[in-house]
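# Results of the structural survey
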Amino acid sequence: MAQAMRPNTAGGLFATDGKPHPRQDALLAVTLVLGITAFVTAMFHSLHLLSSWVGLAGIVTGAYGQWISETTRERFGLIIGLGAAAVGFFLGMAHGGLFGGL
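Quick summary incoming for the structure in this document. Predicted model only: the values in this text are computed from it and were never measured. Along each chain, residue indices are assigned from 1 in the same order as the chain's sequence is written. Residue-level local features of this predicted model are given only where pLDDT is at least 70; pairs of side-chain atoms are given and counted only at 80 or more, and the full residue set underlies all totals for whole chains, interfaces and linings. Side-chain numbers come from the whole structure's heavy atoms, not from hydrogens or water.

What follows is about the overall build of the protein chain. Assigned secondary structure in the protein chain consists of three helices and zero strands. Secondary structure counts use DSSP, requiring at least four H or I residues in a row for a helix and at least two E residues in a row for a strand, with both numbered from the N terminus. Going from the N terminus to the C terminus, the protein chain shows its helices and strands as α-α-α. Scored against the burial criterion, the 102 residues of the protein chain give a buried share of 35%. Taking the intrachain contacts of the protein chain between residues at least 6 apart in sequence as the baseline, contacts between residues at least 24 apart amount to 78%. Element-wise, carbon and sulfur atoms account for 73% of the exposed surface of the protein chain, whose accessible area totals about 6,400 Å². Relative accessibility under 20% of the residue-type maximum defines a buried residue, over 50% an exposed one, and the middle range a partly exposed one, all with a 1.4 Å probe and only protein chains included. Whether two residues are in contact is decided by their heavy atoms, any of which lying within 4.5 Å being enough. In short, Shrake-Rupley with a 1.4 Å probe defines the accessible areas, and a residue's cover is counted only from the protein chains shown.

Here it is, written out as structure tokens:
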């Protein structure tokens, strides 16, 4: 009956291995914050410098986070952050780019 007491962590989308991953969790949080910031600021034409630079930073941190991630939960969040950062980056580039359209 010991099986009935163990949680089933293998079947869920946010399955974890039960070990702490502080570096991966920090990269996940940073990528999500940068992605949301880039996405929101990309909606304003005058903030293209902020959205393009923050989006580029979000893409870099998200790519490194994907490289060292160990669980599905980390990869799922990183993909959401990467997508938002990429949209913010590309819209920022379309509105004037990294250097203000020089």
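Back to the text.
This paragraph deals with the pattern of salt bridges. Between Lys or Arg on one side and Asp or Glu on the other, a salt bridge is scored when a side-chain nitrogen of the former is within 4 Å of a carboxyl oxygen of the latter. Under the counting rule described, the total for this entry stands at one salt bridge. Measuring nitrogen to oxygen at the nearest pair gives 3.0 Å for the salt bridge that ties Asp 25 to Arg 73. In this pair, Asp 25 sits in helix H1 (residues 22-41) while Arg 73 sits in helix H3 (residues 72-95), placing the two residues 48 residues apart along the sequence. Residue class for Asp 25 comes out partly exposed when judged on its relative accessible area of 29%.

The span you would expect from a helix comes to 1.5 Å times its residue count less one. Between the first and last C-alpha of H3 there are 35 Å, a value that for 24 residues agrees with the 34 Å anticipated at 1.5 Å per step. Those residues of H3 not exposed but buried are Glu 74, Gly 77, Leu 78, Gly 81, Leu 82, Ala 84, Ala 85, Ala 86, Gly 88, Phe 89 and Gly 92. Taken together, the buried residues of H3 touch H1 and helix H2 (48-68). Just beyond H3, the residue with positive phi is Gly 96, at close to 160 degrees.

In short, geometric facts, not functional conclusions.
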